[in-house]
Amino acid sequence: MTTNQRIFVIVGAGLAGAKAAEALRERGFDGRVVLIGEESDRPYERPPLSKGYLTGEAGKDSVFVHDEDFYAAHSVELLTGTAVTALDPAGHTVSLSDGTTLGFDKALIATGSQARRLTVPGADLPGVHHLRTKADADALATAAATATAAVVIGAGWIGSEVAASLRSRGLPVTIIEPASLPLERVLGREVGLVYRDLHAGHGVDLRLGDGVAALHGTGRVEEVVTTAGARIPADLVVAGIGAAPRIQLAADAGLTVGDGVVTDEYLRTSHPDIFAAGDIAAAWHPLFRGRLRVEHWANALNQGAAAAAGMLGAGEAYAHVPYFFSDQYDLGMEYTGHCPEWDRVVFRGEPGTDGFLAFWLHDGIVAAAMNANVWDVSDHLQQLVRAQVRVPQERLADPDVPVEELVKAG
């Protein structure tokens, strides 16, 4: 491949962008690769920020995608502390925050998500934190070292993991969640009960079915007032209320956007020379026959490499089954599949015990599965979900039926 005069620009130096740069070099691209990131750090992975990085169990350098010398060694021009202020598809240029303009032959947008901000009165008080970046995690860890009581707003993935990490550091923790159970929207009532009992068993004060009306304090946060009228003392508040895809750059450039930047199965946007990957990509999925936007580590990991293939014209459809994991206290889990609606959840093993499996069924088909403290089965569950088969519920629940045999039961 003779590509010395070609320039590929990657907007966003997170996991997806870093893996795209790596894949371009692995596939033999020898033109310029420019990786542009707003943060001062080189690319890093976000899942540890709410887990081991926050508790101090993971080393400070453990979050980085590559060693420090990787980018220079692979002739990747890494521009940190630099924002892309405009994208011109027709002119094939990006404008940078330092006032310069850079031309490109192909571009990848991997700008990720941003934390949704708390907007109630008092949300701007010192002591109120959001968690999205490494700098956020560093600030939160520093605050936790001297805090006396923490309130976590939201019991989704970030809120639940942060609550577990802060509780593991010995802090008194209260969770405030409008839903009736943690993680209920994603996992449903049956598995939500597992996480409710898990947090309660570790001493977390759960205020479920309640919201936040205001934060009070003189000079810094001192109290959280709930919509039900409860007043909870806290000198550390973490808002884990979700994230929003950073699509404004793409929208301003005239690319097709919706709940994310719209792409085909090759991660190509509405402009043939511009691709999107990671949290922002609303990509057509050939297995699920619809557009999926997935905000999880594995998606960024795999889509970055797939987008690189598309930029090189390889024509490889992105068809990975969504996967994510979570570690809270002594419960580790892996979830495989895509199941926004389901008819029934079938368990193998007793929920809340040392280890169990859960299967989400939609129209009798296994649409998603989760292994909790049961390991070395994730690949088999991936195969099961991909097969889109109906498996008798008694076989799903029977521990004597090997997991690898379930796909044959359809």
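Just above sits the structure.
Since the model is a prediction, treat every value here as computed from it, not as a measurement.

Undergrad: I tried to follow the nonpolar core on my own but got confused; where do I start?
TA: For soluble globular proteins, the rule of thumb is that nonpolar side chains tend to be buried together. Grouped together as the largest cluster of nonpolar side chains are 29 residues, with contacts concentrated most on Ile10, Leu24, Val33, Tyr71, Leu108 and Leu267. Those elements that place two or more of their residues in this core are strand E1 (7–11), helix H1 (15–26), strand E2 (32–36), helix H3 (70–73) and helix H8 (297–311). Here this core takes seven residues from H1, the largest share from any one element.

Undergrad: What am I meant to see in the pairing of strand E5 (residues 93–96) here?
TA: Remember that side chains alternate between the two faces of the sheet whenever the strand is regular. Along E5, the buried face is formed by Val94 and Leu96; none of Thr93 and Ser95, which line the opposite face, is buried. Where strand E4 (residues 84–88) and E5 come together, four bridges link them in antiparallel fashion. Across the sheet, aspartate 88 pairs through a bridge with threonine 93, a residue of E5. Here E4 folds back onto E5 in antiparallel fashion, the turn holding four residues, of which histidine 92 has a positive phi close to 55 degrees. Pairing analysis gives three bridges linking E5 to strand E6 (residues 101–103), with the strands arranged antiparallel. Looking at E6, one finds that valine 94 is bridged to leucine 102. Hairpin connection between E5 and E6: a loop of four residues separates the two successive antiparallel strands, and glycine 99 in this loop has a positive phi of roughly 95 degrees.

Undergrad: I keep staring at the pairing of strand E16 (residues 236–239) and nothing clicks. Help me out?
TA: Residues Leu236 and Val238 line one face of E16 and the alternating positions Val237 and Ala239 line the opposite face, and both faces are buried. In this structure, strand E9 (residues 128–130) lies alongside E16, joined through three bridges in parallel fashion. Each residue of the ladder has a partner; that of histidine 130, found in E16, is alanine 239. One ladder, built from four bridges, connects strand E10 (residues 150–153) with E16; its direction is parallel.

Quick notes on the rules
- Residues numbered from 1 in each chain as written.
- Predicted model: local features only at pLDDT ≥ 70, side-chain atom pairs only at ≥ 80, totals over all residues.
- Heavy atoms only, no water.
- Core = buried A, V, L, I, M, F, W, Y, C linked by side-chain atoms within 4.5 Å.
- Buried < 20%, exposed > 50% of the residue type's maximum accessible area, 1.4 Å probe, protein only.
- Helix = DSSP H or I, 4+ residues; strand = E, 2+ residues; numbered from the N terminus.
- Pairing = 2+ DSSP bridges.

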